[in-house]
Amino acid sequence: MPDLSVTIGSLILKNPVLAAAGTIGYGVEFAEAVTLCELGGLITKTLTQRPREGNLPPRLAETPSGMLNAVGLQNIGLEAFLSEKLPALRDVGTPIIVSLLAESPEELADMVGAVDHAEGAAAIELNLSCPNIKHGSGLGASPEPRTENRSRFVSLVAHEPQAVERMVAASRRATRKPLIAKLSPDVTDLIPVAQAAERAGADAVALSNTYVGMSLDPETRRSRLGAMTGGLSGPAIRPLAVYRVWYTAQTLRVPVIGLGGILRAEDALEFLLAGASVVAVGTAHFADPRAAVKVVRGLERYCARHQLNALRELRGQAQPSAGHGP
Ligand SMILES: Cc1cc2nc3c(=O)[nH]c(=O)nc-3n(C[C@H](O)[C@H](O)[C@H](O)COP(=O)(O)O)c2cc1C
């Protein structure tokens, strides 16, 4: 068998395929349909300190080659997750990566500290696509449906290297568990943001979250989403995401988790060739809950076909075209 294993800090993954945050719920819901132990790991839906109802419907809109979502961080809150969901996940046989989002470094450090003490959490992913409250647009404490995306421009922590550094550094002080900083692609230059995460102690950088987008219905003259704007995911964003991994990974020492529109093993291989060490499968789960497991199988077949002993030999090997095309 080819060696597909990879490490994120002190965490050893048996293969480099994760289920992306928010696309397989808390994991528990998928345990019956999918043999989760076949995955390298799974990332939970993002948790906030208090429960959140999320945005007003509709929360999903189809696009020609992807999906717009404006779920609005609906979740049961960290405490309920730790007491009600995590115990059921301990036996699934794959590392559980807990995704967290907070409004301030202090709040994030509190949450990270709580996960640090929890049995069964292998690592923590920091969802840094949270409003940067310094710029005046907090999430609000209300568990009622929110429509914060209605504003024309929401400044996110992941837009600003210093804000990223503060969030990651506070988290680093609160745990020795591996920390993943998940960034937003909606910046002019990802390198300073990714380097800030690395400098502050992140063990890996996930590139990336969804791209802000919108879709309008000319008949009703309304957005197709209750929150007006949403995050674009799926095949439409794959070339954009592969490029950002290639552009950014070369400047980092820590591993990059590449994601955006991965449906099949071929798509995952693009990210690995571009410089990612790990990949995550998201939107593909809505069409096929076994999508990530199928990617693992496909990577094994690719290694056999290309006589690779270890998949990591491929990392960052992308070359320009040999020039035989039109
Ligand atoms: C319905 C939906 C919900 C999502 N929820 C989260 C979330 O809770 N936290 C997070 O960090 N990313 C979330 N994402 C983003 C995905 O984890 C992923 O970064 C993005 O969709 C790109 O990958 P994909 O094209 O394979 O879906 C969500 C995506 C979708 C489609």
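A quick note: this is a predicted structure, and the numbers were derived from the prediction, not measured.

Caption draft 1: Representation of empty space enclosed by the protein. Taken as a whole and judged by the stated rule, the model has one cavity of 30 Å³ or more. The volume enclosed by the largest cavity comes to roughly 80 Å³. Lining the largest cavity are Leu4, Ser5, Val6, Pro16, Leu272, Ala276, Ser277, Leu311, Arg312 and Arg315. Of the residues that constitute the lining of the largest cavity, the class distribution is six nonpolar, two polar and two charged.

Caption draft 2: Local environment of the layout of surface pockets. The space that makes up the second largest pocket amounts to roughly 190 Å³. Together, Leu60, Ala61, Glu62, Thr63, Gly66, Met67, Pro235, Leu263, Thr283, Ala284, Phe286 and Ala287 line the second largest pocket. Going through the elements one at a time, β5 (60-63), β6 (66-69) and α7 (284-287) are the ones with two or more residues in the lining of the second largest pocket. Of the residues contributing to the lining of the second largest pocket, the split by class is eight nonpolar, three polar and one charged.

Caption draft 3: Local environment of the nonpolar core. Ranked by internal contacts, the top residues of the largest apolar core, which has 84 residues, are Phe81, Leu100, Leu128, Val168 and Leu299. If we skip the residues at most four places from it in the chain, valine 168 touches Leu126, Leu128, Leu179, Ala181, Ala197, Ala200, Gly201 and Ala202. Counting 17 residues, the second-largest nonpolar core is a separate cluster that includes Val6, Ala21, Ala204 and Ile257.

Caption draft 4: How the structure looks around a nonpolar patch on the surface. Together, Met214, Leu216 and Met228 make up an exposed nonpolar region whose accessible area comes to about 270 Å². Note that leucine 216 resides in strand β12 (residues 216-217). Residue classification places leucine 216 among the partly exposed residues on the basis of a relative accessible area of 47%.

Caption draft 5: Geometry of the site of the ligand. For the ligand, the set of nearby residues contains 21 residues, the closest of which are Ala21, Thr46, Gly234, Gly261 and Thr283. Within the side chain of lysine 182, a nitrogen or oxygen atom sits 2.8 Å from an oxygen atom of the ligand. Note that an oxygen atom of the ligand is positioned 2.6 Å from one of the side-chain N or O atoms of threonine 283. A per-class count over the shell around the ligand returns six nonpolar, 14 polar and one charged.

Caption draft 6: Seen up close, the packing of helix α6 (residues 265-274) against helix α8 (residues 291-305). Interhelical geometry of α6 versus α8 gives an angle of 70° and a closest axis separation of 8 Å. In terms of orientation, α6 and α8 fall into the roughly perpendicular class. Where α6 approaches α8, its residues Ala265, Ala268, Leu269 and Leu272 are matched on the opposing element by Val295, Gly298, Leu299 and Tyr302. Classifying every residue of the contact of α6 with α8 by side-chain character gives seven nonpolar, one polar and no charged.

Caption draft 7: Structural context of the side chain of lysine 182. Within the fold, lysine 182 resides in strand β9 (residues 179-182). Lacking a salt bridge, the buried lysine 182 has glutamate 125 as its closest oppositely charged neighbour, with an N-O distance of 4.2 Å. Those residues in contact with lysine 182 that sit more than four places away from it in its chain are Ala21, Glu125, Leu126, Asn127, Leu128, Ser129, Ala206, Ser208, Asn209 and Leu259.

Caption draft 8: α6, seen in detail. Of all ten residues in α6, seven are buried, a share of seventy percent or more. The elements touched by buried residues of α6 are α5 (238-249), β15 (256-259), β16 (278-281) and α8. Count one or two residues on from α6 and you reach glycine 275, which has phi positive near 125°.

Caption draft 9: Representation of unusual backbone geometry. A cis geometry characterises the amide bond from proline 57 onward to proline 58, with omega recorded as -5°. Cis peptide bonds are those with omega within 30 degrees of zero, and the linkage from leucine 207 to serine 208 qualifies with 0°. The residue serine 208 is located in the loop between β10 (204-207) and β11 (211-213) in this model. Notably, leucine 73 is not glycine yet its phi reads approximately 60°, a positive angle. Turning to its location among the elements, leucine 73 is positioned in the loop between β6 and α1 (78-89).

Caption draft 10: Fine view of the packing of helix α2 (residues 105-117) against helix α3 (residues 161-174). One can describe the packing of α2 onto α3 by two numbers: an axis separation of 8 Å at closest approach and a directional angle of 35°. The interaxial crossing formed by α2 with α3 has right-handed handedness. For the pair α2 and α3, contact is made by Pro105, Leu108, Ala109, Val112, Gly113 and Asp116 and by Arg166, Met167, Ala170, Ser171 and Ala174, respectively. Taken together, the residues of the contact of α2 with α3 break down into seven nonpolar, two polar and two charged.

Caption draft 11: Summary view of the pairing of β10. Neither face of β10 is open: one carries Ala204 and Ala206, the other Val205 and Leu207, and all of them are buried. Of the strand pairs in this sheet, β9 and β10 are connected by three bridges, and their pairing is parallel. Across the sheet, lysine 182 pairs through a bridge with alanine 206, a residue of β10. For the crossover that starts at β9, traverses helix α4 (residues 190-199) and ends in the parallel β10, the hand is right-handed. Where β10 lies against β15, three bridges are found, and the strand directions are parallel. Bridge pairing links leucine 207 to glycine 258 in β15.

Parameters and conventions
- Residues numbered from 1 in each chain as written.
- Predicted model: local features only at pLDDT ≥ 70, side-chain atom pairs only at ≥ 80, totals over all residues.
- Heavy atoms only, no water.
- 1 Å grid on protein atoms, 1.4 Å probe; cavity = no way out; pocket = protein on both sides within 12 Å on 5 of 7 lines; lining within 4 Å.
- Points joined across faces, edges and corners; volume = space filled by probe spheres on them.
- Nonpolar A, V, L, I, M, F, W, Y, C, P; charged D, E, K, R; others polar.
- Helix = DSSP H or I, 4+ residues; strand = E, 2+ residues; numbered from the N terminus.
- Core = buried A, V, L, I, M, F, W, Y, C linked by side-chain atoms within 4.5 Å.
- Buried < 20%, exposed > 50% of the residue type's maximum accessible area, 1.4 Å probe, protein only.
- Contact = heavy atoms within 4.5 Å.
- Patch = residues over 30% accessible without salt bridge, like charges linked within 9 Å, V, L, I, M, F, W, Y side chains within 5 Å.
- Areas by Shrake-Rupley, 256 points an atom, 1.4 Å probe, with all protein chains shown as cover.
- Salt bridge = Lys/Arg side-chain N within 4 Å of Asp/Glu carboxyl O.
- Near = heavy atom within 4 Å.
- Polar contact = N/O pair within 3.5 Å; in protein donor to acceptor, adjacent residues only side chain to side chain.
- Axes fitted to C-alpha atoms, helices over the stretch in contact; angles between N-to-C directions.
- Parallel < 35°, antiparallel > 145°, perpendicular 65-115°, else oblique.
- Lys, Arg positive; Asp, Glu negative; His and termini not counted.
- Left-handed = near helix turned anticlockwise from the far one by under 90°.
- Pairing = 2+ DSSP bridges.
- Right-handed = clockwise from strand over helix to strand, strands pointing away.

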